[in-house]
Amino acid sequence: STLRVYNSRRFSYRAAFNQDAWQCRSQGSWLLGGYALYYRLKADSSLVPTALARQFDAQAALRKGDFGDIGPMGGYAYTFVLKQRWFATASFAVGAGLSVQHTLKDPPPEVAAAGSSTTWGPGWHLQMRGAIGYNSQRDQVSLSFNEERVSYLMTDQSLFRWHVGNIRFNVVHRFSERLPWFDRGFRWLKKKTPDMLKTVDA
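Treat the numbers as computed from the prediction; the structure is a model and nothing was measured.

A short note on the overall build of the protein
Point 1. Broken down by element type, the protein carries two helices and seven strands.
Point 2. By residue count, 35% of the 202 residues in the protein fall in the buried class.
Point 3. Of the roughly 13100 Å² of accessible surface on the protein, a fraction of 58% belongs to carbon and sulfur atoms.

Written out as structure tokens, the structure is:
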């Protein structure tokens, strides 16, 4: 997924999640972009053991699946800053689009062959981010999380969902020493992608 930060001159994602910038004032931004996804699972039998199958919905009988979806996504992000040092950032984006799924399910005991199907339908994408901590020109201490959730509506009107994310505790010090070879490489990269590498001073 990719999102454009419309207020990039005053709002910085990097200050909260990359620790290479310092946002000194409260500010927010609308986000607009899109997502494209391919996800595959494969097992030698259904995703849950036979002995536990009755405790799960019918879609747990999946043995193999190929899932793809694409669509637009939009949202909003805001950073609240207290005394230029303490900050709290929250971001939420949601998208909806077209999905396709090809699945292979283990058959019931009375059926000999496994059943496969291909389905087109709607899919949903949800992205949530948050961070809280202390930031300054040289140091940062923060706790952040990032999570993405994906859902598909399948043929029998059941939902197949999965999500991925992380939680990070960061202790950062920005050194003043410079590495000439790194600076040359960074200047070359900045010329190629000037808008992606902007940081916020205030």
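Having put the structure on the table, let's press on.
Focus on the pattern of salt bridges
Point 1. One pass over the full model with this rule turns up three salt bridges.
Point 2. A salt bridge links Arg40 to Asp66; the shortest N-O distance between them is 3.1 Å. On the criterion of sequence distance, the pair formed by Arg40 in strand β2 (residues 27–42) and Asp66 in strand β3 (residues 62–82) is long-range, its members being 26 residues apart.
Point 3. Measuring nitrogen to oxygen at the nearest pair gives 2.9 Å for the salt bridge that ties Glu147 to Arg149.

Re the confidence of the model for the protein
Point 1. Across the protein, the average pLDDT comes to 81, with 84% of residues at or above 70.
Point 2. At the level of individual helices and strands, the protein shows its lowest average pLDDT in helix α2 (residues 180–192), which scores 76, and its highest in β2, which scores 91.
Point 3. The low-confidence segment residues 196–202 (pLDDT under 50) makes 24 contacts with residues lying over four places distant or belonging to another chain.

Focus: the side chain of Asp69
Point 1. Mapped onto the elements, Asp69 comes out in strand β3.
Point 2. Excluding residues that lie within four positions of it along the chain, Asp69 makes contacts with Tyr35, Ala36, Leu37, Leu98, Ser99, Val150 and Tyr152.

Cut-offs and rules
Residues numbered from 1 in each chain as written. Predicted model: local features only at pLDDT ≥ 70, side-chain atom pairs only at ≥ 80, totals over all residues. Heavy atoms only, no water. Helix = DSSP H or I, 4+ residues; strand = E, 2+ residues; numbered from the N terminus. Buried < 20%, exposed > 50% of the residue type's maximum accessible area, 1.4 Å probe, protein only. Areas by Shrake-Rupley, 256 points an atom, 1.4 Å probe, with all protein chains shown as cover. Salt bridge = Lys/Arg side-chain N within 4 Å of Asp/Glu carboxyl O. pLDDT = per-residue confidence, 0-100. Contact = heavy atoms within 4.5 Å.

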